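# What the coordinates show
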Amino acid sequence: MARTTVQVTKQTRDHLAELAEERGLSIGQLVAALAAAQPTAAQRAEQVDAARAHAREVIGVDVSDEEFASLDVLGNLRRIAAEKVLAVPDRDAP
């Protein structure tokens, strides 16, 4: 990925300095904290994969990538789990 050098304006630098001072940090520490709070696309994809694997392991239900991709993940997990549980024959039935 090509990187371009961009000058930080005095206004931006002063703003960062004020934010850093309010938090008891240096500008470098503030920028590092801001960067750490913003995962890259690859890191987000890795987090989604880990969350999907964890959900599959914890609830014991294989959730498809399409089902997992929904915005309402928790609601869909509940719905999918309920559907799969209801599909299991009743063990106590005669």
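Along each chain, residues carry numbers from 1 onward, in the same order as the chain's sequence is written. Under the rules for a predicted model, residues below a pLDDT of 70 receive no local features and side-chain atom pairs below 80 are neither given nor counted, while totals for whole chains, interfaces and linings still include all residues. Water and hydrogen atoms play no part in the side-chain values, which are based on all heavy atoms of the structure.

### Notes on the overall build of the protein chain
Numbering of helices and strands runs from the N terminus, with a helix taken as a DSSP run of H or I at least four residues long and a strand as a DSSP run of E at least two residues long. The helix and strand tally for the protein chain stands at five helices and zero strands. Ordered by position from the N terminus, the helices and strands of the protein chain form the series α-α-α-α-α. Burial classification: accessible surface area is computed with a 1.4 Å probe over protein chains only, and a residue below 20% of its type maximum counts as buried, one above 50% as exposed, and the rest as partly exposed. Across the 94 residues that make up the protein chain, the buried fraction comes to 12%. We call two residues in contact whenever any of their non-hydrogen atoms come within 4.5 Å of each other. By sequence separation, contacts in the protein chain at least 24 residues apart represent 0% of the contacts at least 6 residues apart.

### Considering the pattern of salt bridges
For this document, the term salt bridge refers to a Lys or Arg side-chain nitrogen within 4 Å of an Asp or Glu carboxyl oxygen. Per the stated rule, a full pass over the model turns up three salt bridges. Of the charged contacts in the structure, one is a salt bridge between Lys10 and Asp14, with a shortest N-O distance of 2.8 Å. Residue Lys10 and its partner Asp14 are both found in helix α1 (residues 10-23); the two are separated by four residues, about one turn of the helix. When the shortest N-O distance is used, the salt bridge between Glu22 and Arg23 registers 3.9 Å. Classification of Glu22 as exposed rests on a relative accessible area of 56%.

### Remarks on helix α3 (residues 41-59)
Residues that lie three or four places apart on an α-helix share one face, since the helix turns once every 3.6 residues. Given the number of residues in a helix, its expected span is that number minus one, multiplied by 1.5 Å. The terminal C-alpha atoms of α3, which comprises 19 residues, lie 27 Å apart, in line with the 27 Å expected from a rise of 1.5 Å per residue. After α3 finishes, the residue Gly60 shows a positive phi value of roughly 70°.

### Observations concerning the nonpolar core
Ala55, Val61, Val63, Leu77, Ile80 and Ala81 form the largest nonpolar core, which has six residues in total. Per-element accounting of this core gives the leading share, three residues, to helix α5 (residues 73-87). In this description, a nonpolar core means a group of buried Ala, Val, Leu, Ile, Met, Phe, Trp, Tyr and Cys residues linked to one another through side-chain atoms lying within 4.5 Å.

### Quick word on the confidence of the model for the protein chain
Per-chain confidence: the protein chain averages 81 in pLDDT, with 87% of residues scoring 70 or above. Averaged pLDDT values for the elements of the protein chain fall to 72 in helix α4 (residues 65-68) and rise to 94 in α1. The predictor attaches a confidence to each residue, called pLDDT, with possible values from 0 through 100.

### Things to note about the environment of Lys84
The residue Lys84 is located in helix α5 in this model. Since its relative accessible area comes to 39%, Lys84 is described here as partly exposed. Along the primary structure Lys84 and Asp62 are separated by 22 residues, whereas in three dimensions their C-alpha atoms are 9.7 Å apart. Once residues within four sequence positions are removed from consideration, Lys84 is found in contact with Val61 and Asp62.

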